[in-house]
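Results of the structural survey
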Amino acid sequence: MGIFLTALNIENVHLTKETGLIAWGMGRYCKMKSCIVTYDNDDYENMNYVPGLKLVKMRKLTGIYDADILLFLMKYSKKIDVLNCYHMRSATFLKILVYRMLNRKGKIYLKLDGGYAKETIHGWKRKIFKKMFRMCDLVSTEIDSHAKMLSEDWNAEIQSVPSPFHPKSRGSFRKYDQRENMILTVGRLGTEQKATEILLEAWGKIFENMDGWKLVLTGPVEKEETDFQQYIDEWYQRYPKAKEVTEFSGNISDREQLKELYQNAKIFVFPSRHESFGMAVLEAIVNGVFIVGSDIYTNRALTEDFTLGYSFKTDDIEELSEKLLMCQEDMEKIEAMAYKLYKIAADKYSLKNICKKAAFDLGLDVG
């Protein structure tokens, strides 16, 4: 049984995201002994969702993770069969360089962030990243179009390996006549990225025309450049009647409770201005919720180029309003589209299938 080691400083939330899921899946489905090397940053209560995955909690010898992980790799690289790193960073290059110098036979899996922008990387960084790609056995990103763009830009073989959903995140398809008339969004509410205010402005325009419907916003209310809570208070002043049909449910960390929320919703709105992947959209899809998303490449990929979902231009309040009204007018159509996408995603984003593909691309003999 080989060792699959993820070198990344994580918190509890990352255990049920791709970082923890892929490491866990390589152990569960590919006969690896999986672990993540991290500082002790959290209570890690989500370990219950990834049984068998081991957390190796490093001592803070320098207090700088990128330095301490190099010391760790200098000591243990020869015992590691697969080194798994994340992101296109100088510190990542150093991890890979140390490992490759000490373990010529070992495998390296580099997973890139979908938020990469080629125009921001020039000069010496391009040189070291090109060298980094050559040292890896598998370099991947989440979206087909992004992998193609990266491969052309770097003249390297970049694979498309999607982010998976947790097997327990997927429920059976619940018919729409058994669901509530609920519009749902999930994420860090109020950040520039998530564009929650676009959804609220659209809802303010149409909620009186969607009789019997409610909007549920799930996630922590974040504060960035402006006070989002102040914005919410002002929004309620403009739309006082909306209080009866608008709910901020707070952050839901219990996975079963969150799944039940997805199973009860008919429409999931994801108005983000940019995303590296969009795990909340995937979780909605594998619970049969119809997707209305901003026209960004991650939403396009997850909805089969919006053939099985509705799109609206980023920040376009009027178009989002129109698409929500369209959903209400033809429930049978959106239920059929949601079911088809649910079936596609069950296979395409399965943790087992994704880990088996990664193992195959790495050249591992996992049976």
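Residues numbered from 1 in each chain as written. Predicted model: local features only at pLDDT ≥ 70, side-chain atom pairs only at ≥ 80, totals over all residues. Heavy atoms only, no water.

**Observations concerning the overall build of the protein**
The test is simple: To qualify as a helix, a DSSP run of H or I must reach at least 4 residues; to qualify as a strand, a run of E must reach at least 2; elements of each kind are numbered from the N terminus. A radius of gyration in this sense is built from C-alpha atoms; the matching globule rule multiplies 2.2 Å by the number of residues raised to 0.38. Buried, partly exposed and exposed residues are distinguished by accessible area as a fraction of the type maximum, computed with a 1.4 Å probe on protein chains only: under 20%, between the cut-offs, and over 50%, respectively. Between two residues, a contact is recorded if the distance between any of their heavy atoms is within 4.5 Å. Using the Shrake-Rupley algorithm and a 1.4 Å probe, accessible areas are obtained, with residue cover drawn only from the displayed protein chains. Charge assignment: positive for Lys and Arg, negative for Asp and Glu; neither His nor the chain ends contribute. Note on charges: their place is set at NZ of Lys, CZ of Arg, CG of Asp or CD of Glu.
Across its full length, the protein carries 13 helices and 13 strands. Relative to the 2.2 N^0.38 estimate, which gives 21 Å for 367 residues, the radius of gyration of the protein is 22 Å and therefore close to what a compact globule would have. Every one of the 367 residues in the protein was classed for burial, and the buried ones make up 56%. Within the protein, residue pairs in contact and separated by at least 24 positions form 71% of the contacts whose partners lie at least 6 positions apart. When the accessible area of the protein is evaluated, it comes to approximately 16800 Å², of which 48% is carbon and sulfur surface. Side chains of the protein carry 53 positive and 52 negative charges; the gap between the two charge centres is 11 Å.

**Observations regarding the pattern of salt bridges**
Heads up, the condition is: Here a salt bridge means any side-chain nitrogen of Lys or Arg lying within 4 Å of a carboxyl oxygen belonging to Asp or Glu.
Evaluation of the coordinates by the stated rule reveals 23 salt bridges. Put simply, Arg 126 and Asp 153 hold a salt bridge, and the shortest N to O gap is 3.6 Å. Placement of the pair is Arg 126 in helix 4 (residues 123–135) and Asp 153 in helix 5 (residues 144–154), with a sequence separation of 27 residues. Given the relative accessible area of 18%, Arg 126 is considered buried. Here Glu 260 ties to Arg 174 by a salt bridge, and the two come within 3.3 Å at their closest N and O atoms. Of this pair, Glu 260 sits in helix 8 (residues 255–264) while Arg 174 sits in the loop between strand 7 (159–160) and strand 8 (182–186), placing them 86 residues apart in sequence. Within the structure, one salt-bridge network assembled from shared partners comprises Lys 313, Asp 316, Glu 319 and Lys 323.

**Quick look at the packing of aromatic side chains**
We count it as follows: Stacked, tilted and edge-to-face pairs are distinguished by plane angle, under 30 degrees for stacked and over 60 for edge-to-face with tilted covering the rest, among Phe, Tyr and Trp rings (Trp via its six-membered ring) whose centres lie within 6.5 Å. We count a charge as sitting over a ring when the NZ of a lysine or the CZ of an arginine lies within 6 Å of the ring centre and within 35 degrees of the ring normal.
Under the definition given, this model contains 17 aromatic pairs. Ring centres 6.2 Å apart and planes at 45° place the aromatic pair Trp 203 and Phe 207 in the tilted group. For the residue pair Trp 203 and Phe 207, the accessibility class agrees, reading buried in each case. Through successive ring pairs, a cluster of aromatic residues spans Trp 203, Phe 207, Trp 235, Tyr 236 and Tyr 239. The ring of Trp 154 is capped by Arg 126, whose NZ or CZ atom sits 4.1 Å from the centre of that ring. Lying across the ring of Phe 173, Arg 179 places its NZ or CZ 5.6 Å from the centre.

**With respect to the sheet that holds strand 6 (residues 138–141)**
Using the following cut-off: Pairing between two strands is assigned when DSSP locates at least 2 bridges connecting them. Helix axes are fitted to C-alpha atoms over the stretch in contact, other axes to C-alpha atoms as well, and angles between N-to-C directions run from 0 to 180 degrees.
The strand order 3-2-1-4-5-6-7 describes an open sheet built from seven strands, whose pairing is parallel. Two strands bound the open sheet, and with one partner strand each, they are strand 3 (54–57) and strand 7. Across the face of the sheet, helix 2 (residues 65–76) comes into contact with strand 1 (2–7), strand 2 (32–38), strand 3 and strand 4 (82–86) while running at roughly 140° to strand 2.

**Notes on the nonpolar core**
Stated formally: Residues enter a nonpolar core if they are buried and are Ala, Val, Leu, Ile, Met, Phe, Trp, Tyr or Cys, with the set joined through side-chain atoms within 4.5 Å.
Ranked by size, the top nonpolar core spans 65 residues in total, and within it Phe 268 and Val 292 carry the most contacts. Once residues within four sequence positions are removed from consideration, Val 292 is found in contact with Ile 267, Phe 268, Val 269, Phe 270, Tyr 310, Phe 312, Leu 320, Lys 323, Leu 324 and Cys 327. By size, the runner-up hydrophobic cluster in this structure holds 32 residues, among which are Met 58, Ile 80, Met 88 and Met 135.

**Considering a nonpolar patch on the surface**
Condition: Without a salt bridge and with relative accessible area above 30%, a residue can belong to a patch; like charges are then joined within 9 Å and nonpolar side chains (Val, Leu, Ile, Met, Phe, Trp, Tyr) within 5 Å.
On the surface, Leu 61, Leu 71, Met 74, Met 101 and Leu 102 cluster together into a nonpolar patch covering about 500 Å² of accessible area. Within the residue set of the nonpolar patch, elements represented by two or more residues are helix 2 and helix 3 (90–102). As for its placement among the helices and strands, Leu 71 is situated in helix 2. Residue Leu 71 is classed as partly exposed on the basis of its relative accessible area of 40%.

**Comments concerning the environment of Thr 6**
The cut-off we apply is this: Under the rule applied, a polar contact is a pair of N or O atoms within 3.5 Å (in protein, one hydrogen donor and one hydrogen acceptor; residues adjacent in sequence only if both atoms are side-chain atoms).
Tracing the backbone shows Thr 6 in strand 1. For the pair Thr 6 and Val 98, spaced 92 residues apart in sequence, the C-alpha separation works out to 15 Å. Polar contacts involving the side chain of Thr 6 include one to the side chain of Asn 84, which spans 2.9 Å.

**Topic: helix 4**
Every α-helix carries 3.6 residues per turn, so stepping three or four residues along brings you back to the same face. To keep things clear, this is the line we draw: Expected span of a helix, by definition, is 1.5 Å for each gap between consecutive residues, and there is one gap fewer than residues.
The first and last C-alpha atoms of helix 4 sit 19 Å apart over 13 residues, in line with the 18 Å expected at 1.5 Å per residue. Three or more residues of helix 4 are buried, namely Arg 126, Ile 128, Phe 129, Met 132, Phe 133 and Met 135.

**Looking at the pairing of strand 11 (residues 267–270)**
The condition is simple: Handedness rule for crossovers: strands pointing away from the viewer, path from the first strand over the helix to the second running clockwise, crossover right-handed.
Side chains Ile 267 and Val 269 project from strand 11 onto one buried face, and the interleaved Phe 268 and Phe 270 project onto a second face that is buried too. Pairing of strand 8 with strand 11 involves two bridges; the strand directions are parallel. Within the sheet, the bridge partner assigned to Ile 183 lies in strand 11 and is Ile 267. Where strand 11 lies against strand 12 (residues 290–294), four bridges are found, and the strand directions are parallel. Paired with Ile 267 across the two strands is Phe 290, which belongs to strand 12. Each parallel crossover has a hand, and the one from strand 11 via helix 9 (residues 279–285) to strand 12 is right-handed.

**Digging into the sheet that holds strand 9 (residues 214–218)**
Read across the open sheet, the six strands follow the order 10-9-8-11-12-13; overall the sheet is parallel. Edge positions in the open sheet fall to strand 10 (246–250) and strand 13 (310–312), since each of these has one partner strand only. Averaged over all neighbouring strand pairs, the angle between strand axes comes to 20°, with direction disregarded.

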